Amino acid sequence: MTVLEMIGLSQILGIITIMSTALILLFAVLWFVDSAPPNTITLIGGPKDSMFQLTAKKYEEILARSGVKLNVIPSQGSLENLAHLIDPSYHLDVGFVQGGLIQGGLLEGMDTDQLISLGSIFYEPLMVFYRDKETIDKLTQLSGKKLAIGQINSGTYNLSSVLLKANGIELGGITELLNLETDEAAENLIAGKIDAVFMMGESASLKTTRKMLNTPEIKLMSFSRADAYSRQLGYLNKIELPEGSLDLGKNIPGHNVMLVGPTVELVARKGLHPALSDLLLEAAHEVHGGSGLLQRQGEFPAPLEHEFRISEDASRYYKTGKSFLYRNLPFWLATLLNRVLIVIVPILVVLIPGLRLLPPIYRWRIRSRLYKWYGALLELERGQLDVRAPKERGELIKRLDEIEQAVNRITVPKSFGDQFYILRQHINLVRERLLNNAH
């Protein structure tokens, strides 16, 4: 490689290094700005006073402590929640979704690839209240009666339809299936206008549930075949409601009641910020982590994967919990420091090797100013070998004078002073040879 080629290479390397550094810094700034977690989350819950909506309000209070606002959107239940989460025209981040909706077939063909689960947060049993002199413990005993099985866009309707169909009861048969709103269905049952109502916490208010339990002529069905349902439908769980667990004084219920039901999942769209995912799971742990009527201490939230895969952020949270920064600092400060670390560490990894190239490149840049004139000297010295005429020799001396003047105008650091003076000595050496060859 010639001197001139090395000079060109050093310049190219210098330009590449500077441009790369600038691009990395620009990318870091843009990433830092873009990576900030939103300070608002939009969650779709359920009807007014339902378990879904009451739970969402608890989340709202917890997230507010970290400076994050939770917008809670009401709905008719799980089916509507899932449909809106799938539809990108709805500006939603997360929602409560009852397990088993996809397997129920009501949303068949809809694209759920953009949805992820943060895990299951509580059991949602199906409660069947009925009026009958005889004890009913099998759904087949409801054949030919009037049944309110929930509104069409609710998870109650989905699960009720699946279980009734499994027992040979379908729309259009001898059994009258009604899609009534929960409170209306309860009032009709109490008035004796219908024979049974299917209810779930996603749409039934606690007030309505208590009213049904405290009405003497209304009974809560115990599923004698709860084990069979939970084994045939993998998303269902056998849930025991112990005698007296709702009211010890009145002994409600009057005996152990076996229920079936799925878990409710916290379903989000892909792209949910990791910090917000952790914050939601922290809220879920605070709300659902204790022991309750239907669950054991620490049973929820849980990474139970059914129809939606557990997100990577949620999996990490279940394994290791919150990171050190989020455990020990306020949310806003932990978020800021986390972003700073994520930006700085990769930059250092990339830039440190690049910065090591700067001193050699700098030396090449300075030397290139000197090497340029060495090339001119070599060319001039070769030219004098064939020169015989005084006029031509005079032109060479004039060219040498121009080179010397140009070199004298070069500014170099003190550390390169020795090389500068060596160049000047070489200029004088070429001048002496020109003058000696003239005689």
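The structure under discussion appears in the preceding block.
Residues numbered from 1 in each chain as written. Predicted model: local features only at pLDDT ≥ 70, side-chain atom pairs only at ≥ 80, totals over all residues. Heavy atoms only, no water.

J.: Teacher, can you tell me more about unusual backbone geometry here?
T.: Most peptide bonds adopt trans geometry, and most residues besides glycine take a negative phi value. Omega for the peptide link from Ile252 to Pro253 comes to -5°, which places this bond in the cis form. Structurally, Pro253 is set in the loop between β10 (237-241) and β11 (257-261). Cis geometry is adopted by the peptide bond preceding Pro301, which originates at Phe300 and carries an omega value of -5°. By secondary structure assignment, the location of Pro301 is in the loop between α9 (274-288) and α10 (312-320). Although it is not a glycine, Asp49 sits at a positive phi angle of roughly 70°. Tracing the backbone through its elements, the reader meets Asp49 in the loop between β1 (40-44) and α2 (51-64). Non-glycine residue Asn251 carries a positive phi angle of around 50°. For Asn251, the location among the structural elements is in the loop between β10 and β11. (Helix = DSSP H or I, 4+ residues; strand = E, 2+ residues; numbered from the N terminus.)

J.: Help me out: how do you make sense of the environment of Asp247 in this one?
T.: Locating Asp247 in the fold gives a position in the loop between β10 and β11. Overall, the relative accessible area of 26% leaves Asp247 in the partly exposed class. Measuring from C-alpha to C-alpha, the distance between Asp247 and Asn214 comes to 9.8 Å, with 33 residues separating the pair along the chain. In terms of polar contacts, Asp247 uses its side chain to reach the backbone amide nitrogen of Lys250, at 3.0 Å. (Buried < 20%, exposed > 50% of the residue type's maximum accessible area, 1.4 Å probe, protein only. Polar contact = N/O pair within 3.5 Å; in protein donor to acceptor, adjacent residues only side chain to side chain.)

J.: I keep staring at the packing of aromatic side chains and nothing clicks. Help me out?
T.: Two numbers describe a pair of aromatic rings. These are the distance of the centres and the angle of the planes. Going through the model one piece at a time under the given rule, you end up with six aromatic pairs. With a centroid separation of 6.3 Å and an interplanar angle of 70°, the aromatic rings of Phe52 and Phe122 are classed as edge-to-face. Here Phe52 is found in helix α2, whereas its partner Phe122 is found in strand β4 (residues 115-123), with 70 residues between them in sequence. In this pair, the class of Phe52 matches that of Phe122, namely buried. On the basis of an interplanar angle of 85° and a centroid distance of 6.3 Å, the ring pair of Tyr317 and Tyr318 is categorised as edge-to-face. On the basis of relative accessible area, Tyr317 is assigned to the buried category, the value being 13%. Take Tyr318: its relative accessible area is 22%, and that puts it in the partly exposed class. Site record: aromatic cluster; members linked through ring pairs are Phe52, Tyr59, Phe96 and Phe122. (Phe/Tyr/Trp six-rings, centres within 6.5 Å; stacked < 30°, edge-to-face > 60°.)

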